[in-house]
Amino acid sequence: TPAGCADYFGGATASGTGFLSLRKAEALQQLLRVGFGLEAASCKEIHDYCRSETAPTMWQAHGMPPEHVDRARDALRSICPITCGCGDPLGGIYTLSGCPSRCSTQRHAAAIAVVQARACADITPTQLAATPGWHLFFSDLQRNHGPIDSHDASHEA
């Protein structure tokens with residue numbers, strides 16, 4: 001079994017190549033087809049089913065009850081962690097459920113690189129507005145904890 005954070009399904013992926021043998025890949029395709037009603041040959045094809053911002057809509061379009069969406073998303077994150085954003089500290093994932101623990105090292109190293117590149121400078125509001133992960137993070141945060149109180153949001157430190 002390869003070490004590190006990598007997609008394990010399909011051919012070319014965000015991390016390079018998939019690691020599953022043809023037999024295991026076929027078994028996984030069968031699981032996706034029977035268990036989730038998905039026809040997929042690679043992690044790239046299931047991207048929208050494992051991202052917090054798109055998973056509810058995608059799964060519910062397949063008839064999945066809302067209470068099962070998180071489990072299905074987490075299952076896909078476990079086999080396609082790169083595609084699903086588990087190793088990207090700027091990807092916008094608030095809840096890392098389903099992401100393999102082996103991705104934490106990559107995520108941490110990438111976060112350190114981002115911090116070092118910023119040279120201890122604040123990010124401007126314009127830069128934040130242009131950062132998709134920023135919006136996704138707070139959308140995921142709100143989805144998990146409810147609306148942000150406008151009084152708290154406007155309170156200055």
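Let me begin by describing the structure that accompanies this report. (Residues numbered from 1 in each chain as written. Predicted model: local features only at pLDDT ≥ 70, side-chain atom pairs only at ≥ 80, totals over all residues. Heavy atoms only, no water.)

## Regarding the overall build of the protein chain
This is how it is decided: Helix numbers and strand numbers start at the N terminus; a helix is a DSSP run of H or I with at least 4 residues, a strand a run of E with at least 2. Burial classification: accessible surface area is computed with a 1.4 Å probe over protein chains only, and a residue below 20% of its type maximum counts as buried, one above 50% as exposed, and the rest as partly exposed. It only takes one pair of heavy atoms within 4.5 Å for two residues to be counted as in contact. For the accessible areas, the method is Shrake-Rupley and the probe is 1.4 Å, while residue cover comes only from the protein chains on display.
Looking only at helices and strands, one finds eight helices and two strands in the protein chain. Written out in order from the N terminus, the α and β elements of the protein chain read β-β-α-α-α-α-α-α-α-α. Counting only residues that meet the buried cut, the protein chain has 31% of its 157 residues in that class. Contacts spanning at least 24 positions in sequence make up 47% of the contacts within the protein chain whose residues lie at least 6 apart. Total accessible area computed for the protein chain in this model is approximately 9600 Å², and 58% of it derives from carbon and sulfur atoms.

## Some words on the nonpolar core
Test applied: Note on terminology: a nonpolar core comprises buried Ala, Val, Leu, Ile, Met, Phe, Trp, Tyr and Cys residues joined through side-chain atoms within 4.5 Å.
Core analysis: the biggest nonpolar cluster contains 18 residues, and F9, L32, L38, I46, W59, L76 and C80 have the highest contact counts within it. With four residues, helix α4 (residues 66-79) is the single largest residue contributor to this core. Non-local contacts of W59, meaning those with residues more than four positions away in its chain, are made with F36, L38, Y49, M64, V69, A72, R73 and L76. If you look at the next biggest cluster of nonpolar residues, it comprises six residues, including C5, I82, C86 and C99.

## Section: the state of the cysteines
We count it as follows: The disulfide criterion used throughout: a pair of cysteine sulfur atoms within 2.5 Å.
Applying the stated criterion across every chain yields a total of four disulfides. Disulfide pairing is shown between C5 and C103; the S-S distance is 2.1 Å. On the sign convention where negative is left-handed, the bridge of C5 and C103, at about 80° about the S-S bond, is right-handed. Of this pair, C5 sits in the segment before β1 (12-13) while C103 sits in helix α5 (residues 103-118), and the two are 98 residues apart along the sequence. By the burial criterion, C5 is buried, and C103 matches it. What pairs with C43 in a disulfide is C80, and their sulfur atoms sit 2.0 Å apart. Here the disulfide of C43 and C80 is left-handed, its torsion about the S-S bond being about -75°. Placement of the pair is C43 in the loop between α1 (22-36) and α2 (47-50) and C80 in the loop between α4 and α5, with a sequence separation of 37 residues. Just as C43 is buried, C80 falls in that class too. Cysteine pairing in the protein chain follows 1-8, 2-4, 3-5, 6-7, where each cysteine in a disulfide is numbered by its order in the sequence.

## Concerning the side chain of D74
Assignment of secondary structure puts D74 in helix α4. Taking the relative accessible area as the measure of exposure, D74 reaches 18% and is therefore buried. Once you skip the residues sitting within four places of it in the chain, D74 turns out to touch S97 and G98.

## Side note on the pattern of salt bridges
Stated formally: Counted as salt bridges are all cases of a side-chain nitrogen of Lys or Arg within 4 Å of a carboxyl oxygen of Asp or Glu.
Under the defined criterion, the tally for this structure stands at three salt bridges. A salt bridge links R33 to E39, with the shortest nitrogen-to-oxygen separation between them at 3.4 Å. Across the salt bridge formed by R73 and D74, the nearest N and O atoms sit 2.9 Å from each other. A relative accessible area of 8% places R73 in the buried class. Taken together, the shared-partner salt bridges connect D70, R73 and D74 into one network.

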